Amino acid sequence: MTELLTGQLRLMASRHPDEIGYRNLDAGTDLSFARWEAESNRLARGLAGAGVAKGDRVSIYLPSEEVLNWVVAYAAIHKAGAVAVPTNTRLSARETSTILGHAEALAAITCASHLPTLLTARRRVPTLGLVVSTDGTAGSEADGPVEPGAPGAVPWAAVAADDASEFQVELAPEDLADIMYTSGTTGSPKGVVVRHRNASLLPNGEPHWSGTAWLHGSPLFTFAGISFVYNPMKLGKSAFFLPRFDAGRWLEVVAGERPEAAFIVPAMAQLIIAHPEFQTADLSSLQLCSLGSAPVSAAVLRRLQERMPDATISNGYGMTEAGPAFCAMPKDEAWKRAGSVGKPMPPMEVRITNEEDDGLRADAVGEVLIRLPGRQREYYRDADATARTWTDGWLHTGDLGRLDEDGYLYIVGRTKEVIIRGGNNIYATDVENALLEHPAVLEAAVVGVPHEVLGEDLAAFLVTAPGRALDVEELRAFLLSRLADYKVPRRVAFLDQLPRNATGKVLKHELAPPRWTPSTR
Ligand code: AMP
């Protein structure tokens, strides 16, 4: 078997053709391993026939409801030898064009609901030729009729070849598999390069088929989501996907579908715990409930553990740049080490550094540095950012943490300015840049403020230009035309000036919650 991601799918299709690879729980549709393999062979052959060559970047611009097409497209892109660019479907056309422009995407796969945004974005991405639409819609641009002769989209069915037999452009483990964009949608985009050899935590292999499932609902363009394309099958499980999260529905699905494992982000966990059915729902099938993507409070972990005493409740720490680096927490240690994300699994190494100390002292808080020999990642087309972020193989995570005396890692905060709102990463500078485009905004600072359900919410502190009044609703509309909706601050406060240090940097920690006005909603 090859080390390529697609090698695992091919194996599953030959050993377990009729088992369910992916299930869309909202649509009630399933994808067997045989169909996943055949459909991806057909699309790969078609993409190659349409000119997609080894190393070309292909965006997957499909929302969660299109999960079955998403995973087929993902395998097809790799079979065609191309590089997948899993693209956030909640971004504005402008943000999308920044990312696809940076990736120099040559093709994109989308669907009717997202075609207008993509065609609008395409006007600023000169490389983007082929647009494939899953449902056969040719489409038109959101903000105006398509010019005569302007290319629209080609239906998936017209691109896919009839021949469903095995298709794989020759690739080496070193070749690029994906570019995962993590930030900088209006500033400088950061695309993490994923190679076939450092894509997954689990190696390809022949699993014992368990007949059970791993339930999740993370969008597949995220680091957490994409790890649920191949990992469930490597563990002998189907992946059950819930495109729209709702706590009541999640409890119903666990009781009805009886998955053996589930992944949730902390914001979902809080909604589940607060749901009236939480105490009585049948959660007995779950042997593992894993959480991650954002800080998880010890209280949430405790509530879940009390309700599911026999299950392993795990707090998984990861980041796109760290890739397959992984910490593990033995079940009997979890109670003793509340809040820890576990112990680094060799060959992963963790070092904590701060100004006074290069780390080795137990319990000293500092920046978390991670090293994973031979499986290090890098940024796409950004040698400077790569050199800043990885030194001597050590990844500077931007997270603050400590190691206890037994080597268990605790994440305590972040040195970098990323706000995680309901599992979505938002970079303050992106929002500030958009705010500063408004003519009445003189200065802007965006900070994260605690939010009961979302974990964090955004607050914007503004200084208006002299003599200019600013209508908050009008400002929101202005931002919505530039940013994804979840990046638009709901809390806005006006100040005479921003607190700054001697060198002019805004002192964000002085922008304390009491200074902001109530929500504008
Ligand atoms: P991403 O690359 O989008 O997965 O975001 C990675 C960032 O999410 C990390 O650098 C952390 O700041 C945060 N993060 C992920 N998992 C956890 C966790 N279990 N506890 C605390 N922070 C986390």
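Look above for the structure.
Residues numbered from 1 in each chain as written. Predicted model: local features only at pLDDT ≥ 70, side-chain atom pairs only at ≥ 80, totals over all residues. Heavy atoms only, no water.

Brief notes about the pattern of salt bridges
Within the structure shown, the criterion is met by 33 salt bridges. Between arginine 23 and glutamate 257 there is a salt bridge, and its shortest N-O distance comes to 2.8 Å. With a gap of 234 residues between them, arginine 23 in strand β1 (residues 20-24) and glutamate 257 in helix α8 (residues 247-257) connect regions that are remote in the sequence. Where aspartate 163 meets arginine 45, a salt bridge forms, and the shortest distance between an N and an O atom there is 3.6 Å. (Salt bridge = Lys/Arg side-chain N within 4 Å of Asp/Glu carboxyl O. Helix = DSSP H or I, 4+ residues; strand = E, 2+ residues; numbered from the N terminus.)

Things to note about the pairing of strand β18 (residues 366-371)
The buried count for β18 comes to 5 of 6 residues, which makes it a mostly enclosed element. Across 5 bridges, strand β17 (residues 349-353) lies against β18 in antiparallel orientation. Among the inter-strand pairings, valine 350 is bridged to a residue of β18, identified as isoleucine 370. With 5 bridges joining them, β18 and strand β21 (residues 394-403) adopt antiparallel strand pairing. Its bridge partner lying in β21, arginine 371 is registered against tryptophan 394. (Buried < 20%, exposed > 50% of the residue type's maximum accessible area, 1.4 Å probe, protein only. Pairing = 2+ DSSP bridges.)

Overview of the sheet that holds β1
Ordered in space as β2-β1-β11-β10-β12-β13-β14, the 7 strands form an open sheet in which the pairing is mixed. What marks the edges here is a single partner per strand, and that holds for β2 (29-32) and β14 (312-316). This sheet shows a mean twist of 20 degrees between the axes of neighbouring strands, independent of strand direction. As defined by bridge partners, β1 adjoins β2 across 4 bridges and the pair is classed as antiparallel. (Axes fitted to C-alpha atoms, helices over the stretch in contact; angles between N-to-C directions.)

Examining the packing of helix α3 (residues 67-79) against helix α7 (residues 223-234)
At a minimum axis distance of 12 Å, the contact between α3 and α7 shows a crossing angle of 75 degrees. The pairing of α3 with α7 is recorded here as roughly perpendicular in orientation. Contact with α3, carried on its side by Trp70, Val71, Tyr74 and Ala75, involves Ile226, Val229 and Tyr230 of α7 and no other residues of that element. Within the contact of α3 with α7, the residues separate by chemical class into 7 nonpolar, no polar and no charged. (Parallel < 35°, antiparallel > 145°, perpendicular 65-115°, else oblique. Contact = heavy atoms within 4.5 Å. Nonpolar A, V, L, I, M, F, W, Y, C, P; charged D, E, K, R; others polar.)

Description of unusual backbone geometry
The omega torsion of the bond from proline 346 to proline 347 falls at 10 degrees, within 30 degrees of zero and hence cis. For proline 347, the location among the structural elements is in the loop between β16 (343-344) and β17. The phi dihedral of glutamate 104 falls on the positive side, at around 50 degrees, and the residue is not glycine. Structurally, glutamate 104 can be placed in the loop between α4 (93-103) and β5 (107-110).

Brief notes about empty space enclosed by the protein
Applying the stated criterion to the full structure yields 3 cavities of 30 Å³ or more. Estimates place the volume of the largest cavity at around 70 Å³. Glu321, Ala322, Ala325, Ile370, Arg371, Leu372, Arg375, Gln376, Arg377, Trp390, Gly393 and Leu395 are the residues that line the largest cavity. Residues that form the lining of the largest cavity fall into these classes: 6 nonpolar, 2 polar and 4 charged. Approximately 40 Å³ is the volume attributed to the second largest cavity. Taken together, Leu435, Ala460, Leu462, Val472, Leu475, Arg476, Leu479, Pro489 and Val492 make up the lining of the second largest cavity. For the lining of the second largest cavity, the secondary structure elements donating two or more residues are β26 (455-464) and α14 (472-480). Within the lining of the second largest cavity, the residues separate by chemical class into 8 nonpolar, no polar and 1 charged. (1 Å grid on protein atoms, 1.4 Å probe; cavity = no way out; pocket = protein on both sides within 12 Å on 5 of 7 lines; lining within 4 Å. Points joined across faces, edges and corners; volume = space filled by probe spheres on them.)

A word on the sheet that holds strand β25 (residues 441-451)
Pairing is mixed across the open sheet formed by 3 strands, whose spatial order is β25-β26-β27. On the outer flanks of this sheet lie β25 and β27 (491-494), each paired with one strand and no other. Ignoring strand direction, the axes of neighbouring strands in this sheet form an average angle of 25 degrees. Pairing of β25 with β26, which is carried by 10 bridges, proceeds in the antiparallel orientation. When the bridges of β26 are listed, valine 441 appears paired with threonine 464. The sheet contacts of helix α13 (residues 428-435) involve β25 and β26, and relative to β25 the element is tilted by about 145 degrees.

Looking at the site of the ligand
Residues in contact with the ligand amount to 17 residues; listed here are only the nearest, Asn315, Gly316, Thr320, Asp399 and Asn425. Measuring from a nitrogen atom of the ligand, one finds a backbone N or O atom of serine 293 at 3.2 Å. Within the contact set of the ligand, an oxygen atom lies 2.5 Å away from a side-chain nitrogen or oxygen of aspartate 399. Taken together, the residues that form the shell around the ligand break down as 8 nonpolar, 6 polar and 3 charged. (Near = heavy atom within 4 Å. Polar contact = N/O pair within 3.5 Å; in protein donor to acceptor, adjacent residues only side chain to side chain.)

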